[in-house]
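Close look at the chain arrangement
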Amino acid sequence: MYKINKKSEYFLYKYLNAYSPTGNEVDAQKIWMKYIEQYSDSIETDNYGTVVGVINNKNTFKIVIEAHVDEITWYVNYITDDGIIYVARNGRTDHQIAHSKRVNIHTKNGIIDGLWLHTRKPTFIDIGASNKKEVEILGVNVGCMVTYPDDFFIMNNKYFVGRALYNKIGGFIIAEVMRLIKEKNVVLPYGLYVINSVQEEVGGAKINPNIAIITDVCHDTSTPMIDKKINGDVKCGLGPVINYSPSIHNNLREQIIFIANKKNLSFQRLVSPICTDAYYNNGVISALISIPIRYMNTTVEMANKKDIENCIHLMFEILKNIDINENFKYL
């Protein structure tokens, strides 16, 4: 069974702590790209910062495994004459987590510290400026990105906690799968494209793969205030989650389940109303495997180390054993 080693853990710390605000993911992508270079036959990038590590790029049959790298972000939207900063949301987050938190404002002059406060809505940021001119002198302008400074840590020796597990933990998973393939000298009968995408799943469709297996996160529904009758019964520590959805290919999902059972690997099941749409819309045979997390879209997202290790092992076994000669068509 796969276990995270010291080298992988060091990469995990660096990667999760690097900033990757939606639309400017370059710092985290540089770390991810440097790590996978040693396990790739070639590296590809696009104009927006998606990174692809490739094995067997001359093979015409292509399989993609993919995650996305962006994290919770806000934009500076308005600056008052008194130097108070208001923001617009960029992506999913909960404004309630912002109360009394420190934030980082990313400017051309570097990071400016701020205090995030609110009286219900709207939220605002105070950087200790007396007026709008002082804010601008510090380098803050409309369009600057705002992120949280919270760092990654391990809690109770089993939970990974951080501000950006959704979905940078997926980027860690697919990088480790690639490492295992290279270090164990696995010969694949197809081209493998390992994609760390910006802005969710926009990076891989242009590759036009035959099969795409996406890694993402889902709610641990044992968390207080989440209704299992609506959101399903999924819990951290019980294994990665195999998803059901109209956009997920039934035959590919069943082949994944068959491999998991054959290798005696634990997993959970979940109905997901939205997933892998970027591939479904292009007619690609696709599936989704998720990591359950607690407190999604906050700065203290939690994932169980065992689930992550099991997901890496499961994906490794899938790529070794998947039958690319199967006729996946329904009709």
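Here goes a summary of the coordinates provided.

**A closer look at helix α6 (residues 250-262)**
The terminal C-alpha atoms of α6, which comprises 13 residues, lie 18 Å apart, in line with the 18 Å expected from a rise of 1.5 Å per residue. When we look at burial in α6, the residues that qualify are L252, R253, Q255, I256, I257, I259 and A260. Those residues of α6 that are buried lie in contact with β13 (211-219), β14 (241-244), β15 (268-271), β16 (285-294) and α8 (305-321). The positive-phi residue at the C-terminal boundary of α6 is N264, with phi of around 60°.

**Things to note about the pairing of β16**
Here β16 lies mainly inside the structure; 10 of its 10 residues are buried. Neither face of β16 is left uncovered, since the one carrying I285, A287, I289, I291 and I293 and the one carrying S286, L288, S290, P292 and R294 both have all their residues buried. Of the pairings in the sheet, the one linking β13 to β16 comprises nine bridges and is parallel in character. The partner of I213 across the bridge, within β16, is A287.

**Digging into the pattern of salt bridges**
If you walk through the whole model with that rule in mind, you get 14 salt bridges. Here D220 and R294 are joined by a salt bridge, their closest N and O atoms 3.1 Å apart. Here D220, found in the loop between β13 and α5 (228-231), pairs with R294, found in strand β16; they are 74 residues apart in sequence, far enough to count as distant. In this structure D220 comes out as buried when scored by relative accessible area, which is 0%. When the shortest N-O distance is used, the salt bridge between E254 and R253 registers 3.2 Å. The partly exposed category is assigned to E254, whose relative accessible area is 38%. Given a relative accessible area of 7%, R253 falls into the buried group.

**A word on the pairing of strand β17 (residues 301-304)**
The alternating pattern of β17 places E301 and A303 and M302 and N304 on opposite faces, both of which are buried. Pairing of strand β11 (residues 159-162) with β17, which is carried by four bridges, proceeds in the antiparallel orientation. Across the sheet, residue V161 finds its bridge partner in β17, namely M302. In this sheet, β17 lies alongside β16 in antiparallel orientation, the contact comprising two bridges. The residue bridging I293 from the neighbouring strand is A303, located in β17. Remark: six residues form the turn of the hairpin made by β16 and β17, two consecutive strands paired antiparallel; Y295 in that turn has positive phi of roughly 60°.

**Considerations on the packing of aromatic side chains**
The tally for this structure, following the rule as stated, stands at 10 aromatic pairs. Ring centres 5.6 Å apart and planes at 70° place the aromatic pair Y35 and Y39 in the edge-to-face group. Relative to Y86, the ring of Y78 lies with its centre 6.3 Å away and its plane at 40°, an arrangement referred to as tilted. Three or more aromatic residues joined by ring pairs form one cluster here, namely F11, Y15, Y35, Y39 and F172. Sitting over the face of the ring of Y15, K168 holds its NZ or CZ atom 5.4 Å from the ring centroid.

**Some details on unusual backbone geometry**
Backbone torsion omega between Y166 and N167 reads 0°, so that peptide bond is classified as cis. Within the secondary structure layout, N167 lies in helix α4 (residues 165-183). At M225, a position not held by glycine, the phi torsion is positive, near 80°. For M225, the location among the structural elements is in the loop between β13 and α5.

**Examining the side chain of T215**
When you line up the elements, T215 lands in strand β13. Among all residues touching T215, those that are not within four sequence positions of it are E66, A67, N167, G170, I173, I174, L288, I289 and M315.

**Observations concerning the side chain of D307**
Relative to the elements of secondary structure, D307 occurs in helix α8. With no salt bridge to any partner, buried D307 finds its closest opposite charge in K306, at an N-O distance of 6.5 Å. A polar contact is formed between the side chain of D307 and the backbone nitrogen of L238, at a distance of 3.3 Å. D307 has contacts with K235, C236, G237, L238, G239, P240, I291 and P292, leaving out every residue within four places of it along the chain.

Rules of the game
Residues numbered from 1 in each chain as written. Predicted model: local features only at pLDDT ≥ 70, side-chain atom pairs only at ≥ 80, totals over all residues. Heavy atoms only, no water. Helix = DSSP H or I, 4+ residues; strand = E, 2+ residues; numbered from the N terminus. Expected span 1.5 Å × (residues − 1). Buried < 20%, exposed > 50% of the residue type's maximum accessible area, 1.4 Å probe, protein only. Contact = heavy atoms within 4.5 Å. Pairing = 2+ DSSP bridges. Salt bridge = Lys/Arg side-chain N within 4 Å of Asp/Glu carboxyl O. Phe/Tyr/Trp six-rings, centres within 6.5 Å; stacked < 30°, edge-to-face > 60°. Lys NZ or Arg CZ within 6 Å of the ring centre and 35° of its normal. Lys, Arg positive; Asp, Glu negative; His and termini not counted. Polar contact = N/O pair within 3.5 Å; in protein donor to acceptor, adjacent residues only side chain to side chain.

Nothing here speaks to function; it is all geometry.
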